[in-house]
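# Structural features, examined
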Amino acid sequence: RKEVEQDPGPFNVPEGATVAFNCTYSNSASQSFFWYRQDCRKEPKLLMSVYSSGNEDGRFTAQLNRASQYISLLIRDSKLSDSATYLCVVNRAGGFKTIFGAGTRLFVKA
Amino acid sequence: DAGVIQSPRHEVTEMGQEVTLRCKPISGHNSLFWYRQTMMRGLELLIYFNNNVPIDDSGMPEDRFSAKMPNASFSTLKIQPSEPRDSAVYFCASSSQGGGGNEQFFGPGTRLTVL
């Protein structure tokens, strides 16, 4: 079993839709959590950090559930430009080991 | 401001040849990471440096791979000898604080093809 697991998708949604991704992690000592976005043939870029209290950035909301060991990303009012692969990222305790999920592909269509 | 710089952007080589990938982190960042990305295995951390010192190289696949960071502004990842299964995109990333608990800024990657 992989340490960080994501549904690879693809998720195909129309513009304006709300879409949610989940990510599960197996190491209960994991300390920091992030969502990165990667466009086709480009490098990953930080989308947002994920805090225990949850956090929101415009149309994007991230949640962390430590008891169930999963994090989620909600995208509201999807735009064509949201089409990308979304990577779930977990840092182990101590912060030195970064584990990336395999990513979830999102296609937003007009 | 310049981001993380990697060279070359593309490399095509033959099996058995030595390959050297280069990275210049963002000025002032003291953490540097090398990753490999393939369709089959996704993005894998190979090695992590903090203040030019290798902290965790447990992700380096085998002895054919080596990485150095002689100073704060330069790092290399070397594969010798290269094999077709090393074909992948290699990313370098840097961060302003120790560990991976902060945002990592990725370079554009080096696309390596080993024939």
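Quick note: structure is the one above.
Rules behind the numbers
Residues numbered from 1 in each chain as written. Chains lettered and ligands numbered in written order. Predicted model: local features only at pLDDT ≥ 70, side-chain atom pairs only at ≥ 80, totals over all residues. Heavy atoms only, no water. Helix = DSSP H or I, 4+ residues; strand = E, 2+ residues; numbered from the N terminus. Rg over C-alpha atoms; globule rule 2.2 N^0.38 Å. Buried < 20%, exposed > 50% of the residue type's maximum accessible area, 1.4 Å probe, protein only. Contact = heavy atoms within 4.5 Å. Areas by Shrake-Rupley, 256 points an atom, 1.4 Å probe, with all protein chains shown as cover. Lys, Arg positive; Asp, Glu negative; His and termini not counted. Charge placed at Lys NZ, Arg CZ, Asp CG, Glu CD. Salt bridge = Lys/Arg side-chain N within 4 Å of Asp/Glu carboxyl O. Polar contact = N/O pair within 3.5 Å; in protein donor to acceptor, adjacent residues only side chain to side chain. Nonpolar A, V, L, I, M, F, W, Y, C, P; charged D, E, K, R; others polar. Disulfide = S-S within 2.5 Å. Core = buried A, V, L, I, M, F, W, Y, C linked by side-chain atoms within 4.5 Å.

Glancing now at the overall build of chain B. Along its length, chain B carries zero helices and eleven strands. When the helices and strands of chain B are listed from N to C terminus, the series reads β-β-β-β-β-β-β-β-β-β-β. Relative to the globule expectation of 13 Å for 115 residues, the C-alpha radius of gyration of chain B, 13 Å, shows essentially globular dimensions. The dimensions of chain B, computed from C-alpha atoms along their principal axes, are 35 × 30 × 25 Å. Counting only residues that meet the buried cut, chain B has 48% of its 115 residues in that class. Within chain B, contacts between residues separated by at least 24 positions form 55% of all contacts whose residues are at least 6 apart in sequence. Accessible area of chain B: about 5500 Å², with a carbon and sulfur share of 49%. Once the 10 positive and 12 negative side-chain charges of chain B are each reduced to a mean point, those two points are 3 Å apart.

What follows concerns the interface of chain A and chain B. Counting from both sides, the interface comprises 15 residues of chain A and, opposite them, 21 residues of chain B. Here chain A is connected to chain B by zero salt bridges. On inspection of chain A and its partner chain B, the count reaches three residue pairs in polar contact (both at pLDDT 80 or more). Going through the elements one at a time, strand 4 (32-38), strand 5 (44-50) and strand 10 (98-100) of chain A are the ones with two or more residues in the side of chain A that touches chain B. By residue class, the composition of the side of chain A that touches chain B is six nonpolar, five polar and four charged.

According to the stated counting rule, one finds two disulfides over all chains in the structure shown. One disulfide bridge connects Cys-23 of chain A with Cys-88 of chain A, the sulfur atoms lying 1.9 Å from each other. Between Cys-23 of chain A and Cys-88 of chain A, the disulfide has an S-S torsion of -70° and is therefore left-handed. Residue Cys-23 of chain A is found in strand 3 (residues 19-25), and its partner Cys-88 of chain A is found in strand 9 (residues 84-91); the two are separated by 65 residues along the sequence. What makes Cys-23 of chain A buried here is its relative accessible area of 1%. With a sulfur-sulfur separation of 1.9 Å, Cys-23 of chain B is cross-linked through a disulfide to Cys-92 of chain B.

Counting 24 residues, the largest nonpolar core has Phe-21, Trp-35, Ile-71, Leu-73, Ile-75, Tyr-86 and Leu-106 of chain A as the members making the most contacts within it. Mapped onto this core, the elements with two or more residues apiece are strand 3, strand 4, strand 5, strand 7 (60-65), strand 8 (70-75), strand 9 and strand 11 (104-109) of chain A. If sequence neighbours within four positions are ignored, Leu-73 of chain A has contacts with Val-19, Ala-20, Phe-21, Trp-35, Leu-47, Met-48, Phe-60, Thr-61 and Tyr-86 of chain A. Counting 21 residues, the second-largest nonpolar core is a separate cluster that includes Val-4, Trp-34, Phe-49 and Met-69 of chain B.

All names here are of chain B. Counted under the stated rule, the structure contains twelve salt bridges over all chains. A salt bridge links Arg-64 to Glu-62; the nearest nitrogen and oxygen atoms lie 2.8 Å apart. We classify Glu-62 as partly exposed; its relative accessible area is 26%. Here Glu-83 and Arg-64 are joined by a salt bridge, their closest N and O atoms 3.5 Å apart.

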